[in-house]
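This is what each chain is made of:
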Amino acid sequence: MRNVDELRPLTAGRLLELWRQCREAEDPLERVLTCNGRILSECCFFQGERVYRDEAEALADLTGRQMERLLCRLAQGGGSGEDRQPETGTVNPEFDAARFAALWRA
């Protein structure tokens, strides 16, 4: 996966336009992957420059899991990663990360 230091969200109108461009694909998986590749090609930036020229380049570089993570970040508002704050109510003050990690390894 190429370096991405910023995700720039698209407008709802642009998302709709990208979806409409992909709907001619008969296979639902092809349609979703193509559309997500187009979205990520327009949203992924590194040092102010677009990372991917088009959806084909994004699809050739990213795994399904990587695409999912980037799209989830994008759905949460995008940004640079460092500037995103957790949503109110999503942080558990009782969560013990060390205990969780120990249980995960067991």
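All figures in this text were calculated on a predicted structure; none of them were measured in a lab. (Residues numbered from 1 in each chain as written. Predicted model: local features only at pLDDT ≥ 70, side-chain atom pairs only at ≥ 80, totals over all residues. Heavy atoms only, no water.)

A. Looking closely at a negative patch on the surface. A cluster of acidic residues, Glu24, Glu26, Asp27 and Glu30, forms a negative patch on the protein surface. Relative to the helices and strands, aspartate 27 is located in the loop between helix H1 (12-22) and helix H2 (28-43). Among the residues examined, aspartate 27 registers a relative accessible area of 39% and is labelled partly exposed. (Patch = residues over 30% accessible without salt bridge, like charges linked within 9 Å, V, L, I, M, F, W, Y side chains within 5 Å. Areas by Shrake-Rupley, 256 points an atom, 1.4 Å probe, with all protein chains shown as cover. Salt bridge = Lys/Arg side-chain N within 4 Å of Asp/Glu carboxyl O. Lys, Arg positive; Asp, Glu negative; His and termini not counted. Charge placed at Lys NZ, Arg CZ, Asp CG, Glu CD. Helix = DSSP H or I, 4+ residues; strand = E, 2+ residues; numbered from the N terminus. Buried < 20%, exposed > 50% of the residue type's maximum accessible area, 1.4 Å probe, protein only.)

B. Main features of a nonpolar patch on the surface. On the surface, a cluster of nonpolar side chains totalling about 250 Å² of accessible area is made up of Leu16, Trp19 and Val32. Looking at the element boundaries, leucine 16 is found in helix H1. Since its relative accessible area comes to 40%, leucine 16 is described here as partly exposed.

C. Inspection of the nonpolar core at higher detail. Residues Cys44, Leu62 and Leu70 are the most contacted members of the largest nonpolar core, which totals 16 residues. Secondary-structure elements contributing two or more residues to this core are H1, H2 and helix H4 (64-75). Here the element with the most residues in this core is H2; it accounts for four residues. If near-sequence neighbours (up to four positions away) are discounted, cysteine 44 is found in contact with Val4, Glu6, Leu7, Glu49, Arg50, Val51, Tyr52 and Leu70. (Core = buried A, V, L, I, M, F, W, Y, C linked by side-chain atoms within 4.5 Å. Contact = heavy atoms within 4.5 Å.)

D. Spotlight on the packing of aromatic side chains. Within this structure, the stated rule accounts for zero aromatic pairs. Above the plane of the ring of phenylalanine 45 lies arginine 8, whose end atom (NZ or CZ) is 3.7 Å from the centre. (Phe/Tyr/Trp six-rings, centres within 6.5 Å; stacked < 30°, edge-to-face > 60°. Lys NZ or Arg CZ within 6 Å of the ring centre and 35° of its normal.)

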